[in-house]
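Spelled out from the first residue to the last, the chains are:
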Amino acid sequence: MSTPRCLPGPGPFRPAGRVALITGAGQGIGRELAAILYRRGASVAIVDVDAVAATSLAAELGERALPVIADVSDRAAMAEAIPQVVAYFGHLDIVVANAGVVPRPATLRTIAPADFDRVLDINLTGVFNTVHPALDHIIAARGHVAVVSSCAAFAPGMGGAPYMISKAAVEQLGRALRVELAAHGASAGVAYFGIVDTEMTQATLDRDDLGRRIEALLPWPLNTRISAAQAARTLADAIEARAAQSISPRAWGPYAMLRGVINTVLDYGLAHDPRVHALLREVERRSLGKPASSAIMPMDTGRVEAHY
C-alpha cells in the first residue's frame, strides 16, 4: 500500500505517551489519523475550522483528545493554538499539517484570483502557519513533523493548477524541514497520496460527467483509489518510522522516482491530445459561467472544496 523511505536519524517513534497535533482533523484523512494515533496511545489535538466536527470527534475519542478550533490560514490563530495545546498536555511531540482545500476546476486563464489565493493560503501558507510556531517544541521533544503533500505535486496540473502548485511547494517545505530538524535530533517527512475516495472525490469525479472524463485520462494503475483509512494508516506508520516520505497507493512509487523522465513525455502527450484540449475548453466554459455543450450535464459553478 505504501512505500516509506527511511533515512538515518533518530530511532523509531512510538505514539504511546506522545502528544500529536493534526490539522484538518475533523474529517477525512485527518479524522482517521487522529483515531489511529489515539488507539496507539497518543494524546491528540484535533485542529479544525469546523467546531462541530472537531468537538464531536474529541468526545468520541475520549479524555486524551482536545478540540482546537482554528483556521490554518489565520497566522495569529495558529500562533495561539500551539501554546494552547502545550499548556493543556504539557508538551508537543508530533505535528501533522494535513488541512487542505481543492477549488472547482478552472484553468489559470479563467480561475478567479481569490480562489487561487485561498488554495495557496490554506494548502501552503497554512502548513507554514502550523509548523512554524511548533518547531521549538518539536526540537525540545526530538519529535516529528509530517506534512501532507500529494501525488499531484509531480503530476500535470492542467485544470487544477493551484492545488498542484501548492502541493509541490509543500513537498519542498517538508524536504527542507527534514534536513533542518536533523541537526537538532528531530525529524520530518512528506506524505503523498493518490486518489483518496472521499466525499469530495465522489462529488467531483463520480457525480459529474466532466469529472468522469478527467479521471478516464488517468492510466491504470494511477487511477487506483484508496480509502481515507488506508491513507491514514500509511501516514501513522510513516510517523512511527520517522520516514522521509510515504506514498500510497504503491503504484505511484515508480512515477515518483522517475518523474523527471515521465513528465517530459507526459506533458508533451497531453499538450497534443485533442481529448485534453476538448476537456480544457469545457472547463473554461464552465468556470466562466458559459453554457455547457449539449452533451455535458450542467454543474454547480460554486467552488468545490474539501479538507483532507
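Everything below is about the structure shown above.
Below, the structure is looked at part by part. By convention here, each chain's residues receive numbers from 1 onward along its written sequence. Totals for whole chains, interfaces and linings use every residue, but because this is a predicted model, local features are given only for residues with pLDDT of at least 70 and side-chain atom pairs only at 80 or more, for both listing and counting. The basis for the side-chain values is all heavy atoms of the structure; hydrogens and waters are excluded.

1. Focus on the pattern of salt bridges
Our working rule: Every case where a carboxyl oxygen of Asp or Glu lies within 4 Å of a side-chain nitrogen of Lys or Arg is listed as a salt bridge. Numbered from the N terminus, helices here are DSSP runs of H or I no shorter than four residues, and strands are runs of E no shorter than two. Under the scheme applied here, a residue whose accessible area is under 20% of the maximum for its type counts as buried, over 50% as exposed, and between as partly exposed, the area being computed with a 1.4 Å probe on protein chains only.
What the rule picks out here adds up to 10 salt bridges. The partner of Arg40 in a salt bridge is Asp237, with the nearest N and O atoms 3.0 Å apart. Linking Arg40 in the loop between helix H1 (28–39) and strand S2 (43–48) with Asp237 in helix H9 (residues 228–240), this pair joins segments that are 197 residues apart in sequence. Given the relative accessible area of 28%, Arg40 is considered partly exposed.

2. Thoughts on the side chain of Thr130
Note the following rule: Working rule for contacts: check all heavy atoms of both residues, and any pair within 4.5 Å makes them a contact.
Positionally, Thr130 belongs in helix H4 (residues 113–131). Residue classification places Thr130 among the buried positions, given a relative accessible area of 0%. In contact with Thr130, other than residues within four places in its own chain, are Leu21, Thr23, Val72, Met78, Ile82, Val95 and Ala97.

3. Details of the sheet that holds strand S4 (residues 94–97)
Which entries qualify depends on this criterion: Being paired, for any two strands, means DSSP has found at least two bridges between them. In this analysis an axis means a line fitted to C-alpha atoms, helices contributing only their contacting stretch, and an angle means the value between N-to-C directions, from 0 to 180 degrees.
Spatial ordering of the open sheet is given by S3-S2-S1-S4-S5-S6-S9, a layout of seven strands whose pairing is parallel. In the strand order of this sheet, the two ends are held by strand S3 (65–69) and strand S9 (245–248), each with one partner. Strand-to-strand, the axes of this sheet are offset by a mean angle of 15°, without reference to chain direction. Pairing of strand S1 (residues 19–23) with S4, which is carried by three bridges, proceeds in the parallel orientation.

4. Side note on the packing of aromatic side chains
Stated formally: Stacked, edge-to-face and tilted labels apply to pairs of Phe, Tyr and Trp rings (six-membered ring for Trp) whose centres lie within 6.5 Å, assigned for plane angles under 30 degrees, over 60, and everything in between, in that order.
A full pass over the atoms with the stated rule returns five aromatic pairs. With 4.9 Å between their ring centres and 85° between their planes, Tyr88 and Phe89 make a pair best called edge-to-face. Through a chain of ring-to-ring contacts, three or more aromatic side chains come together here, namely Phe154, Tyr192, Trp252 and Tyr255.

5. Some details on the nonpolar core
Cut-off, in case you're wondering: Buried residues of nine kinds, namely Ala, Val, Leu, Ile, Met, Phe, Trp, Tyr and Cys, make up a nonpolar core once their side-chain atoms join them within 4.5 Å.
Judged by nonpolar contacts, the single largest core of 44 residues is most densely connected at Val85, Leu92 and Val145. At six residues, helix H3 (residues 75–89) tops the list of elements feeding residues into this core. With sequence-adjacent residues up to four places away left out, Leu92 is seen in contact with Val19, Ala20, Leu21, Ile82, Val85, Val86, Ala134, His137, Ile138 and Ala141. Counting residues in hydrophobic clusters, the runner-up holds 33 residues, among them Ile22, Ala35, Phe193 and Leu235.

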